[in-house]
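Below are the chains, spelled out letter by letter.
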Amino acid sequence: MTTTLHARAVLLDMDGTLVDSTAVVERIWLKWAEPHGLDPAHVLEVVHGRQGHQSMAIMLPERDHAINLRENDEMLARETGDVDGVVAIAGAAALLEALRGQPHAIVTSANVALMTARMDAAGLAVPELRVTAESVSASKPHPEGFLKGASLLGIDPADCIVFEDSAAGVEAGLAAGMRVIGVGQHAAAHGPTLAVPDLTHVTITETDEGIALFVE
């Protein structure tokens with residue numbers, strides 16, 4: 001069964017949505033967590049979709065946030081230099097190609113360097129408009145990033161569709177007043193508008209009113 005959604009703009013998360021970086025994310029975060037004695041399962045529940053310093057604040061709530069900010073910079077540098085196992089999500093290249101010429105942006109918790117490294121490793125073109133960690137004051141699940149993306153595109157949030165995989169990302173998209181297509185085997189559990197196993201289940205065409213998305 002195919003569901004058709006109409007929109008005027010598309011906002012795309014990166015990790016877990018366009019790029020499968022699970023291997024490196026888990027490898028680096030579990031190494032960081034080990035000396036703190038944190039439960040690995042809890043760590044992996046927290047870190048996806050958020051900026052690193054916010055994940056650290058959740059897991060180590062009593063720690064000085066200045067330490068989190070410093071370690072987050074160190075974490076980003078390690079992640080940028082480690083792209084072993086980073087690949088494109090199935091259908092990502094075709095989706096980005098279909099969006100060429102249409103209003104769209106990437107909205108990611110990564111900084112510019114990390115975004116560029118992972119998109120390059122996955123062989124994907126970075127959208128011209130991007131909202132990264134440097135662009136916002138609040139991390140997902142706060143809706144700031146998606147609202148900023150809509151504002152930069154000049155599109156009403158209600159006319160935007162978000163592609164996300166994580167609980168924090170889905171929450172942010174819905175809080176921004178946008179419809180959310182969840183991507184990946186766990187996305188449906190986070191309450192998106194619709195969910196797909198990967199991006200091969202989404203087809204995009206241009207219409208007189210904007211963009212039509214056919215979701216299988």
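> Tell me about the pattern of salt bridges, and please be specific about residues and values.
In this structure the tally under the stated criterion is 7 salt bridges. Between Lys140 and Asp13 there is a salt bridge, with the nearest N and O atoms lying 3.0 Å from each other. A residue pair is termed long-range when its members are at least 10 positions apart, and Lys140 in the loop between strand 6 (130-131) and helix 7 (144-153) and Asp13 in the loop between strand 2 (9-12) and strand 3 (19-20) qualify at 127 residues. The class for Asp13 is buried, based on a relative accessible area of 5%. Asp15 is paired through a salt bridge with Arg118; the nearest N and O atoms lie 3.0 Å apart. With Asp15 in the loop between strand 2 and strand 3 and Arg118 in helix 6 (residues 112-121), this pair connects stretches of sequence that are 103 residues apart. Residue classification places Arg118 among the buried residues on the basis of a relative accessible area of 1%.

> How would you summarise the pairing of strand 2 if you had to cite specific residues and measurements?
Neither face of strand 2 is open: one carries Ala9 and Leu11, the other Val10 and Leu12, and all of them are buried. As judged from the 3 bridges shared by strand 2 and strand 5 (residues 104-107), these two strands associate in the parallel manner. Paired with Leu12 across the two strands is Ile106, which belongs to strand 5.

> How would you summarise the nonpolar core if you had to cite specific residues and measurements?
Grouped together as the largest cluster of nonpolar side chains are 46 residues, with contacts concentrated most on Leu18, Trp29, Trp32, Met119, Phe163 and Leu213. Top contributing element to this core by residue count: helix 1 (residues 22-33), with 6 residues. Aside from chain neighbours lying at most four places away, what touches Phe163 is Val10, Leu11, Leu12, Asp13, Thr17, Leu95, Ile181, Val183, Leu199, Val202 and Leu213. Of all hydrophobic cores here, the second largest spans 16 residues; its members include Leu11, Phe146, Ala150 and Val180.

> Give me the lowdown on the pairing of strand 10 (residues 202-207), citing residues and values where you can.
Two strands pair when backbone bridges link them, and strand 10 and strand 11 (residues 210-215) are joined in this way by 6 bridges, in the antiparallel orientation. Each bridged residue has a counterpart across the sheet, and for Thr207 the counterpart in strand 11 is Gly210. Between the antiparallel neighbours strand 10 and strand 11 lie 2 residues.

> Hey, could you go over the sheet that holds strand 5 for me, with residue numbers and the actual values?
Spatial ordering of the open sheet is given by 6-5-2-7-8-9, a layout of 6 strands whose pairing is parallel. Where the open sheet ends on each side, the last strands, each with one partner, are strand 6 and strand 9 (194-196). Here strand 8 (residues 179-183) pairs with strand 9 via 3 bridges, running parallel. Directly across from Val183, in strand 9, lies its bridge partner Val196.

> Quick one: what's the story with the packing of aromatic side chains, residue by residue and with numbers?
The final tally for this structure, using the stated rule, is 1 aromatic pair. Taking 5.2 Å as the distance between ring centres and 75° as the angle between the ring planes, the aromatic pair formed by Trp29 and Trp32 counts as edge-to-face. Taken as a pair, Trp29 and Trp32 lie in helix 1 at a separation of 3 residues, close to a single helical turn. Using a relative accessible area of 4% as the deciding quantity, one classes Trp29 as buried.

> Can you tell me about the side chain of Asp82, naming the residues and giving the values?
Considering the arrangement of structural elements, one finds Asp82 in the loop between helix 4 (65-81) and strand 4 (87-88). Contact partners of Asp82, with chain neighbours within four places excluded, come to Val24, Arg27 and Ile28.

> An account of the environment of Gln185 is requested, with residue identities and associated values reported.
Checked against the element boundaries, Gln185 lands in the loop between strand 8 and strand 9. With a relative accessible area of 73%, Gln185 lands in the exposed category. Between the C-alpha atoms of Gln185 and Val112, which are 73 residues apart in sequence, the distance is 27 Å.

About the thresholds
- Residues numbered from 1 in each chain as written.
- Predicted model: local features only at pLDDT ≥ 70, side-chain atom pairs only at ≥ 80, totals over all residues.
- Heavy atoms only, no water.
- Salt bridge = Lys/Arg side-chain N within 4 Å of Asp/Glu carboxyl O.
- Helix = DSSP H or I, 4+ residues; strand = E, 2+ residues; numbered from the N terminus.
- Buried < 20%, exposed > 50% of the residue type's maximum accessible area, 1.4 Å probe, protein only.
- Pairing = 2+ DSSP bridges.
- Core = buried A, V, L, I, M, F, W, Y, C linked by side-chain atoms within 4.5 Å.
- Contact = heavy atoms within 4.5 Å.
- Phe/Tyr/Trp six-rings, centres within 6.5 Å; stacked < 30°, edge-to-face > 60°.

In short, the description is geometric, and any link to function would need to be established separately.
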